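Residue-level listing of the chains:
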Amino acid sequence: MNQQELIPHLFRTEFSKITAVLCKLFGIKHIEVAEDIASDTFLAAFETWSFKGIPQNPKAWLYAVAKNKARNYIARNTIFAEKIVSEITYSSSGIQEIEIDLSEKNIMDSQLQMLFAVCHPSISAEAQIGLSLRILCGFGIDEIATALLTNKETINKRLFRAKEKLRLEKVQIVFPEKEEINKRLQTVLTTLYLLFNEGYYSESRDSILREDLCKEAMRLTYLLIENEQTNQNSVNALLSLMCFQASRFTARKNENGEIILYQDQDETLWDHELISRGAYFLHRASLGNKISKYHLEASIAYWHTIKKDTTEKWENILQLFNQLLQIEYSPIASLNRTYALSKVYGKEIAIAEAEKLKLTDNHFYFTLLGELYTDIDNNVAKQHFQKALSLAKTHTDRHTLQKKIDNM
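For the structure given in this document, a descriptive report is provided here.

Thresholds, definitions, all that
Residues numbered from 1 in each chain as written. Predicted model: local features only at pLDDT ≥ 70, side-chain atom pairs only at ≥ 80, totals over all residues. Heavy atoms only, no water. Salt bridge = Lys/Arg side-chain N within 4 Å of Asp/Glu carboxyl O. Helix = DSSP H or I, 4+ residues; strand = E, 2+ residues; numbered from the N terminus. Buried < 20%, exposed > 50% of the residue type's maximum accessible area, 1.4 Å probe, protein only. Phe/Tyr/Trp six-rings, centres within 6.5 Å; stacked < 30°, edge-to-face > 60°. Lys NZ or Arg CZ within 6 Å of the ring centre and 35° of its normal.

Right, let's talk about the pattern of salt bridges for a bit. Overall, the coordinates contain 17 salt bridges when judged by the stated rule. When the shortest N-O distance is used, the salt bridge between Asp-142 and Lys-152 registers 3.8 Å. Of this pair, Asp-142 sits in helix 7 (residues 141-147) while Lys-152 sits in helix 8 (residues 152-168), and the two are 10 residues apart along the sequence. Asp-142 sits in the partly exposed class, given a relative accessible area of 47%. The exposure class assigned to Lys-152 is partly exposed, which follows from its relative accessible area of 44%. The salt bridge involving Lys-157 is made with Glu-153; its shortest N-O contact spans 3.1 Å. With Lys-157 and Glu-153 both in helix 8 and four residues apart, the pair spans about one turn of that helix. Each member of the salt-bridge network shares a partner with another, and the members are Glu-32, Glu-164 and Arg-167.

Given below as structure tokens:
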């Protein structure tokens, strides 16, 4: 990997690790300081490596520079040092001996602790996702704005307000007590679920699928699995769902980056290793006596790993959707249920159920109605596809719908 490829790659993988460890060291009220030191470390890498070449162990080089910059910052800023003196253990040798632990275990612990801090219930879900992308995934402000369909100014304001709220709440970067973990875990899982979904169906103009978002959500969920306190059934179920969905990444886009619908995908391109992992985590999730929405969504995703249409497949999917809607109602889940309903009981019954939803601002609603009316009343089907086209937000969706209309 050359320098042009290596530095962005390392920024994606190591920026968040350095930031999390320094945030834990300095306290959450000094998030910006941690981010600045991490950013300066990569700036130093860019400047130094351009002249001296890439070091033998680039990651170790970054960690050493980050440690030195952190120590130098504390040494130069007496006021800062005084403010955090109660949070950092000094040795008799002074500043240079401050322990900045960038071991693999401390990095994992710090990221997991930051995840619970960032997902504090005092800040909004949008802010939780934004902070997770910035601090735990190493995304730039431009990238976050693109991923969340907004602009840099909005993201900067959102992150600033969230950080201020965490400061006012005096949120600690520590593992919560067991009882508090159970209370906060749902918020953490919701954030990771939304983060994965942002990637799985991106409405940014340039990409329908942001695999980097999905992979970061999966990586953070793995951290929960690897920690004994958070390795719970619902976490395994969520990771199972992610594995099943991610298994179709390659088959879901063509060479032009356009979406390929499920029924048109080449099954040989599915990642069967990920499917096996999904089945493994779903089995682990099933060992408990509680069923979460992630259990049901993962089970639905499992049945979609079987490409062939069978009565058993769609009857199972329909029953799972029925259970899902009882646990947590969602208009989109209701919409998806009607497709399964059409597979089991026919299009006419499904049309009647779908039209009750009246999701008239959602292009998926009109797309589904177009599909259901096809071969029953093609004129009505075409009207629904045209309405969906007018509401679609991405070039890919518009292109897919236009092809349907042109082929009618």
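Next comes the rest of the description.
The next point concerns the packing of aromatic side chains. For the structure shown, the criterion picks out 13 aromatic pairs. On the numbers, 5.6 Å between centres and 75 degrees between planes, the contact of Trp-314 with Tyr-339 is edge-to-face. Highlighted residues: Trp-314 in helix 15 (residues 311-327) and Tyr-339 in helix 16 (residues 331-345), separated in sequence by 25 residues. Following the ring pairs from residue to residue traces out a cluster consisting of Phe-11, Phe-15 and Phe-42. The cationic tip of Arg-12 hangs over the ring face of Phe-139; the distance from NZ or CZ to the ring centre is 4.1 Å.

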